[in-house]
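# Coordinates in review
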Amino acid sequence: MGIRKSAPDGRARERGGGTAIRPHLPTSPWLFLAPGLLVVGGFSLYPFVSTVARSFTDARTLTVGQFTGGANYQEMLHDPMFWTGLRNSALYVLGVVPPLVVLPLLLALLVRRSVPGIAFFRAAFYLPVVASVVVVGLIWVWLLDDRGLINALLGVLGFGRAGFLSDPWLLLLSAMAVTVWKGLGYYMIIYLAALTQVPRELHEACAVDGAGAVRRFLTVTVPAVRSTMVLVAALSAVNAFKVFSEVYLMAGATGGPGGEDTTLVMLVQQAGTGLSGRVGYASALSVVVFVLTLGLMLLVLRANRGEDR
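For clarity, every value in this text was computed on a predicted model and none was experimentally measured.

### Here we look at the overall build of the chain
When helices and strands are counted, the chain shows 13 helices and 2 strands. Relative to the compact-globule value of 19 Å for 309 residues, the chain shows a C-alpha radius of gyration of 27 Å, a clear excess of over 25%. Once the C-alpha set of the chain is aligned to its principal axes, its extents read approximately 95 × 75 × 40 Å. Put simply, of all contacts in the chain between residues at least 6 apart along the chain, 63% involve residues at least 24 apart. Total accessible area on the chain is roughly 18900 Å²; 68% of this is exposed by carbon and sulfur atoms. With 24 positive and 16 negative side-chain charges, the chain shows a spacing of 13 Å between the two charge centroids.

Put into structure tokens, the structure is as follows:
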């Protein structure tokens, strides 16, 4: 083998005419990162900064607008529709997150069993995840319509027809049910991955001590997947707070009767679209949605840390 020695110009050469080994240039890592940074900067960072800057202007769809300070945020505080959207978004989180934390875990416990035909049920539970949200929403609209299948069944059973798409509260609950139904399979897969890390010996030890299925679930399974439950809670809370498609498809562009089912993201869409759209006010709403969503995630993570102490 040749013996390396330092050349006068700082290059390492092998004795015997070997090829010079050049040191890495300081800019080499940045050259590899450049494509990803350009994508992130062009499609994430720049739109975010632009939205924040535009929230302090009176910009409209076809005009740049002038700086108005915090006028948009002051108007937001006196806008009844903003408080309606905030209420609906908060109720959506409260109504969607608990089922999406518990039900997918129960489904994962069922489908992880090795029984004949279980693959069919795994695929059936996951099918709504890969289906388009527009298709899913339209199917549920047809089912929940005044002349839909569910109201027809209620009529056959002797119950009166329910205004799933006309009553503001029933409409919001119906949209929550669609969100839960569509998200069950996705979070079920996350729990299935977490359950593979639970030692089987713990369940066997509890069974030897006489613990039943419910007790083993509460004392072994839940503590073992608690970090995954926090992750599911954070993901489902963020998605629920930013809900748009389900409510838009079921309530329409106006947000249901009198706009009573409008969410914050729907309010952003209503304010910022059209030739006379108030882009500045919509940007201010978007900033508020971002801040509230970030605060919601930090709250969930803080609660998890508090339980770890």
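Don't stop here, the text continues.
### Examining a nonpolar patch on the surface
On the surface, a nonpolar cluster with roughly 730 Å² of combined accessible area is contributed by Leu45, Phe48, Val49, Phe290, Val291, Leu294, Leu298 and Leu301. Mapped by element, the contributors of at least two residues to the nonpolar patch are helix H1 (28-54) and helix H13 (279-308). By residue number, the principal contributor to the nonpolar patch is H13, which donates 5 residues. Residue position: valine 291 is located in helix H13.

### A closer look at helix H4 (residues 118-130)
Along its 13 residues, H4 runs 19 Å from first to last C-alpha, staying within 8% of the 18 Å computed at 1.5 Å per residue. When we look at burial in H4, the residues that qualify are Ile118, Pro128 and Val129. Packed against the buried residues of H4 are helix H3 (80-111), helix H5 (133-144) and helix H7 (168-195).

### Thoughts on the nonpolar core
Counting 63 residues, the largest nonpolar core has Tyr92, Met250 and Leu285 as the members making the most contacts within it. Broken down by secondary-structure element, the contributors of at least two residues to this core are H3, H5, H7, helix H10 (226-241), helix H11 (245-251), helix H12 (264-272) and H13. Discounting residues that sit within four places of it in the chain, methionine 250 has contacts with Val141, Leu144, Leu165, Leu171, Ser174, Ala175 and Val178.

### Comments concerning the environment of valine 198
By secondary structure assignment, the location of valine 198 is in the loop between H7 and helix H8 (200-208). Owing to a relative accessible area of 13%, valine 198 belongs among the buried residues under this scheme. In this structure the C-alpha to C-alpha distance between valine 198 and proline 29, which are 169 residues apart in sequence, comes to 39 Å. Residue contacts for valine 198: discarding those within four places in its chain leaves His203, Val220, Ala224 and Val225.

### Section: the side chain of threonine 221
Position of threonine 221 among the secondary structure elements: in helix H9 (residues 213-224). Here threonine 221 falls in the buried class, since its relative accessible area comes to 3%.

### Some thoughts on the side chain of threonine 293
Within the secondary structure layout, threonine 293 lies in helix H13. With sequence-adjacent residues up to four places away left out, threonine 293 is seen in contact with Val238, Phe241 and Lys242.

### Let's talk about the environment of serine 114
Among the structural elements, serine 114 can be located in the loop between H3 and H4. Judged by relative accessible area, serine 114 falls into the exposed class, the value being 77%. Between the C-alpha atom of serine 114 and that of glycine 258, which follows or precedes it by 144 residues, the distance is 51 Å.

Thresholds applied
- Residues numbered from 1 in each chain as written.
- Predicted model: local features only at pLDDT ≥ 70, side-chain atom pairs only at ≥ 80, totals over all residues.
- Heavy atoms only, no water.
- Helix = DSSP H or I, 4+ residues; strand = E, 2+ residues; numbered from the N terminus.
- Rg over C-alpha atoms; globule rule 2.2 N^0.38 Å.
- Contact = heavy atoms within 4.5 Å.
- Areas by Shrake-Rupley, 256 points an atom, 1.4 Å probe, with all protein chains shown as cover.
- Lys, Arg positive; Asp, Glu negative; His and termini not counted.
- Charge placed at Lys NZ, Arg CZ, Asp CG, Glu CD.
- Patch = residues over 30% accessible without salt bridge, like charges linked within 9 Å, V, L, I, M, F, W, Y side chains within 5 Å.
- Salt bridge = Lys/Arg side-chain N within 4 Å of Asp/Glu carboxyl O.
- Expected span 1.5 Å × (residues − 1).
- Buried < 20%, exposed > 50% of the residue type's maximum accessible area, 1.4 Å probe, protein only.
- Core = buried A, V, L, I, M, F, W, Y, C linked by side-chain atoms within 4.5 Å.

Geometric values such as these leave the question of function open.
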